[in-house]
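Observations on chain architecture
Spelled out from the first residue to the last, the chains are:
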Amino acid sequence: MTGIGLICAVGNKTDEVWRNLLAGKSGIGRITQFDASKHACQIAAEVKNFDPLNFIEKKEVKKMGRFIHLAMAAAEEAMCMSGLKVTPENAENVGVHIGSGIGGFDIIEREHTALMEGGPRKISPFFIPAAIVNLAAGHVSMRFGAKGPNEATATACTTSAHSIGDSFRIIQHSDADVMIAGGSEAAITPLGVGGFAAMRALSTRNDDPEKSSRPWDRDRDGFVMGEGAGILVLEELEHARARGAKPIAEVVGYGMSGDAYHITQPAPEHEGGFRVMKNAARDAGIKPTDIGYVNAHGTSTPIGDTLEAHAIRNFFGDHKIAVSSTKSMTGHLLGGAGGLEAGVTVLALRDQILPPTINLENQDPDTAGMDFVPNHPRKAPIEYAMSNSFGFGGTNGALLFKRWNG
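Scope of this entry: the structure provided in the associated data block.

About the cut-offs
Residues numbered from 1 in each chain as written. Predicted model: local features only at pLDDT ≥ 70, side-chain atom pairs only at ≥ 80, totals over all residues. Heavy atoms only, no water. Helix = DSSP H or I, 4+ residues; strand = E, 2+ residues; numbered from the N terminus. Rg over C-alpha atoms; globule rule 2.2 N^0.38 Å. Buried < 20%, exposed > 50% of the residue type's maximum accessible area, 1.4 Å probe, protein only. Expected span 1.5 Å × (residues − 1). Contact = heavy atoms within 4.5 Å. Disulfide = S-S within 2.5 Å. Pairing = 2+ DSSP bridges. Axes fitted to C-alpha atoms, helices over the stretch in contact; angles between N-to-C directions. Salt bridge = Lys/Arg side-chain N within 4 Å of Asp/Glu carboxyl O. Core = buried A, V, L, I, M, F, W, Y, C linked by side-chain atoms within 4.5 Å.

Take the overall build of the protein chain next. For the protein chain, the helix and strand inventory stands at 13 helices and 14 strands. For 406 residues, the compact-globule estimate of 2.2 N^0.38 gives 22 Å, and the protein chain sits close to it at 20 Å. Taken along the three principal axes of its C-alpha coordinates, the protein chain extends 65 × 55 × 40 Å. Split into buried and exposed, the 406 residues of the protein chain put 60% on the buried side.

See below:
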């Protein structure tokens, strides 16, 4: 991996995101993108002070949903960090794999309003390409001239992890030398928030937003919707060395599994989560005891947190593993979560410091004895780190990274 681009509620650049996570800063506040006064949930983790015109020509902005704007910004930073230039000579070996769990919810709602108020003639000709999931990857490929594999995954909250893992496999199979991979989401809209609230999935701690996302805390009451993007530049090692690039970390393992159990709830004991971690470790050829840190899915839901903790405990056994959920600060980016958290996991390896789980004041007794890096970052010598992602429909992904020692 040679580039990381992150944008979320705690920062619009990778360094800012990382600095604020280590400071334990919450990006959650009252919703400003629409009037949420009639909603049960009135809080979210919004990206702040973001101007798409810094990355996209004015005439192109209206052709894209907000999730595409965010993906373009993150991809721009990741490519800049990598130092990679796409040329006619290498273009066919540079691919893009960027997904989204929902895509252009903002555009769908806007155009539905136009239809209801003015009839079919009021629908924008850019409606469909501005909203469909694969156009984040499409626009990024056009921005950089990347003519290799061009794909978009939509596997709910596991989307980004699958995008990165599948890109890892694409490079392994020599279908590309470089993949721009990750995910983006921007579903903080009346319908998006209302839909998840109708499921009773969201926190309603409206009067104390910064304390609302509290994974593994006894008083958690649901997740907080976030938005943003996480894009990585994955590169075949010899290709990176040949151009003098310095890797940040290595992708060494990728696991997938399915629960085949329920549309929203994990299987008992999160058996699918256990298997996905086992599959990632097997792919990497390492033992659980080699792993020093897990960036967990950790959404702050009563059932999900407990079951993920059980899966982690079952997988690691007596091995004392440090686990944290940065969703306590960034909210849950849905399909963009795995990309953001993969980037954060790599930064933890690079700097040998673990980001905290904030708002962990009274640890759930069901997770007694587990180390969730509560409230403060911690220095730690770690060689391998894992990032977990789980999605509706029982779709699971786990990524394993190794510290770069070259």
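Continuing now.
Between its terminal C-alpha atoms helix α4 (residues 105-118) stretches 20 Å, which fits the 20 Å expected from 14 residues at 1.5 Å a residue. Residues of α4 that are buried: F105, I107, E109, E111 and A114.

Summarising the element assignment, I31 is placed in the loop between β2 (29-30) and β3 (43-44). By relative accessible area, which is 10% here, I31 ends up buried. Residues I31 and N314 lie 283 residues apart in sequence; the distance between their C-alpha atoms is 38 Å. Once you skip the residues sitting within four places of it in the chain, I31 turns out to touch A36, C41, Q42, I43, A44, E46, I188 and V193.

Let's shift gears to the state of the cysteines. Taken as a whole and judged by the stated rule, the model has zero disulfides. C8 takes part in no disulfide bond, and the closest cysteine sulfur, belonging to C157, lies 16 Å away. The thiol sulfur of C41 is not disulfide-bonded, and the nearest other cysteine sulfur, from C157, lies at 15 Å. Its relative accessible area of 1% is what places C41 among the buried residues.

With eight of eight residues buried, strand β6 (residues 178-185) is to be regarded as a mostly interior element. Bridge count between strand β4 (residues 94-99) and β6: six bridges; the pairing is parallel. Of the residues in β6, the one forming a bridge with V96 is I180. Where β6 and strand β7 (residues 228-235) come together, eight bridges link them in antiparallel fashion. Each bridged residue has a counterpart across the sheet, and for M179 the counterpart in β7 is L234.

Right, let's get into the sheet that holds strand β14 (residues 395-403). Read across the open sheet, the five strands follow the order β8-β14-β13-β9-β10; overall the sheet is mixed. Pairing within the sheet leaves two strands with one partner each, and these edge strands are β8 (249-258) and β10 (322-324). Each strand of the sheet is rotated relative to its neighbour by a mean of 20 degrees, with strand direction disregarded. Across the sheet, helix α13 (residues 337-351) is in contact with β8, β9 (291-295), β13 (384-391) and β14; its angle to β13 comes to roughly 165 degrees.

What follows deals with the pattern of salt bridges. Summed over the entire model, instances satisfying the criterion amount to 18 salt bridges. The partner of K287 in a salt bridge is D290, with the nearest N and O atoms 3.8 Å apart. K327 is paired through a salt bridge with E341; the nearest N and O atoms lie 2.9 Å apart. Of this pair, K327 sits in helix α12 (residues 327-330) while E341 sits in helix α13; the two residues are 14 residues apart in sequence, bridging distant segments of the chain. Among the charged side chains, a network of salt bridges with common partners joins K211, R214, D217 and E361.

With that settled, consider the sheet that holds strand β5 (residues 150-151). Here we have five strands laid out as an open sheet, ordered β1-β7-β6-β4-β5, and mixed in their pairing. Both outer strands of the open sheet, β1 (3-7) and β5, are each paired with one neighbouring strand and no more. The strands touched by helix α7 (residues 159-172) within the sheet are β4, β5, β6 and β7, with β6 carrying the most contacts at an inclination of about 170 degrees.

Here we take up the nonpolar core. Counting residues in hydrophobic clusters, the biggest one holds 43 residues, and the most contacted among them are M1, I4, L234 and F401. Other than its neighbours up to four places away in sequence, M1 contacts L232, V233, L234, P247, I248, A249, V251, V346 and F401.

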